[in-house]
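So the chains spell out like this:
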Amino acid sequence: MKAPPRLQSLIEEGLIDTVVRQLMSGKEAMVYVVRCGDETRCAKIYKEANNRSFRQAVDYTENRKVKNSRSARAMAKGSKFGRQEQEAAWQSAEVDALYRLAAAGVRVPQPYNFHDGVLLMELVTDAHGDAAPRLNDVSFTPEDARTHHATLVAEVVRMLCAGVVHGDLSEFNILLAHLPGTEGEEVGHDGPVIIDLPQAVDAAGNNHAQRMLLRDVANLRDFFGQFAPELRTTQYGPEIWSLYQSGLLSNETPLTGIYAPTHADVDMQAVLREIDDARDEDAARRLRMAAG
Ligand SMILES: Nc1ncnc2c1ncn2[C@@H]1O[C@H](COP(=O)(O)OP(=O)(O)OP(=O)(O)O)[C@@H](O)[C@H]1O
Ligand SMILES: [Mg+2]
């Protein structure tokens, strides 16, 4: 097909040879299948900020820690330079997260390059070499649902241990890929690959990290719970977050799906409020007694 203008500079740079077809046009990006030498890859073109949903712009602005103080001041002022910086930071957030997660052993597309607002990455494929379907487009046996759910809960743990919360994890942002056979396995098997990470947040430094993690895990439970109903009552999200906060979470931590709040989870503010209320009540009672 004729290359879209936004891919032209990558062609000139020799990063892309030809554009095969458009895969998707989502809320934030347009995705193309491209050829690079004898490899087929995937090019994700980010839309401009004003074409993106407002919610994400807000979440993003609140969440992003900006190291360079000139950029931070410019973003706060909303100047032209600020908007450009913000745009660049948003786009590179996905590349950063992909490198970080790939290094931590999470199944994400291998990133190759980030150039002019275009992310070049591995095309995740099915058994025929075609672009892999999203989980949303597939139905599962109860057994497969349980297996993939367990794999993805373990991936969420791996991400959290690497300091990352996806923040938009759902059946729409997970592909069912055909993965090469591991040792002792001839043919390979289908397995989930996590995509779409520009809104990923820092687990330790972000006020919304807990809420986002709980939502991510609840989305997995609700989706796979359609095929394996016994998953519906599991509580992996709170269990994982509680272990993480207590410093007890590692990639090997066994999980039960059962969550029993412990002392460490008690909301200290609420406890202090209770104590204050009791003290006030007591003082009022004494006053009444003294007056009466
Ligand atoms: N590496 C990849 N390999 C194969 N397909 C991909 C890859 N990356 C993205 N896609 C396809 O493109 C679609 C959109 O990608 P992505 O979710 O990253 O962008 P988006 O703009 O956030 O889309 P949406 O708003 O639909 O979530 C995905 O649902 C998937 O079908
Ligand atoms: Mg998406």
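Right above here is the structure, for reference.
Residues numbered from 1 in each chain as written. Chains lettered and ligands numbered in written order. Predicted model: local features only at pLDDT ≥ 70, side-chain atom pairs only at ≥ 80, totals over all residues. Heavy atoms only, no water.

Peer 1: Describe the site of ligand 1, and please don't skip the residues or the numbers.
Peer 2: The environment of ligand 1 is made up of 20 residues, and the closest members are Lys27, Lys44, Glu122, Val124 and Asp196. At 3.2 Å from an oxygen atom of ligand 1 is found a side-chain nitrogen or oxygen belonging to Asn173. When ligand 1 sits alone it has 600 Å² of accessible area, and the protein chains cover 94% of it. At a threshold of 2 Å from the grid points, most atoms of ligand 1 map onto the largest pocket. Each residue belonging to the shell around ligand 1 can be placed in one class, and the counts come to twelve nonpolar, two polar and six charged. (Near = heavy atom within 4 Å. Polar contact = N/O pair within 3.5 Å; in protein donor to acceptor, adjacent residues only side chain to side chain. Areas by Shrake-Rupley, 256 points an atom, 1.4 Å probe, with all protein chains shown as cover. 1 Å grid on protein atoms, 1.4 Å probe; cavity = no way out; pocket = protein on both sides within 12 Å on 5 of 7 lines; lining within 4 Å. Sits in = over half its atoms within 2 Å of the grid points. Nonpolar A, V, L, I, M, F, W, Y, C, P; charged D, E, K, R; others polar.)

Peer 1: Describe the pairing of strand β2 (residues 29-36), and please don't skip the residues or the numbers.
Peer 2: Most of β2 is tucked away: six of the eight residues are buried. Sheet analysis places strand β1 (residues 18-25) next to β2, joined by six bridges and oriented antiparallel. Bridge pairing in β2 places Val19 opposite Val34. The turn linking β1 back onto β2 is made up of three residues. In terms of strand pairing, β2 meets strand β3 (residues 39-46) through eight bridges, oriented antiparallel. For Cys36, the partnering residue across the bridge sits in β3 and is Glu39. In this structure, the hairpin formed by β2 and β3 is closed by a connection of two residues, where Gly37 is found at a positive phi of approximately 60°. (Buried < 20%, exposed > 50% of the residue type's maximum accessible area, 1.4 Å probe, protein only. Helix = DSSP H or I, 4+ residues; strand = E, 2+ residues; numbered from the N terminus. Pairing = 2+ DSSP bridges.)

Peer 1: Tell me what's going on with the coordination of the magnesium ion (ligand 2), and back it up with residues and numbers.
Peer 2: Bound to the magnesium ion (ligand 2) on the protein side are Asn173 (OD1) and Asp196 (OD), at distances that span 2.1 to 2.2 Å. Placement of Asn173 in the loop between β6 (164-165) and β7 (174-179) and of Asp196 in the loop between β8 (189-194) and β9 (201-202) is noted, with a sequence separation of 23 residues between them. The two residues Asn173 and Asp196 agree in class, both being buried. (Donors = N, O, S within 2.8 Å, 3.2 Å for Na, K, Ca; no water.)

Peer 1: Just give me the short version of the side chain of Glu94, but keep the residues and values in it.
Peer 2: Following the sequence through the fold, Glu94 ends up in helix α4 (residues 80-103). Residue Glu94 is classed as buried on the basis of its relative accessible area of 2%. Apart from the residues lying within four places of it in its own chain, the contact partners of Glu94 are Lys44, Tyr46, Leu119, Asp196, Leu197 and Pro198. (Contact = heavy atoms within 4.5 Å.)

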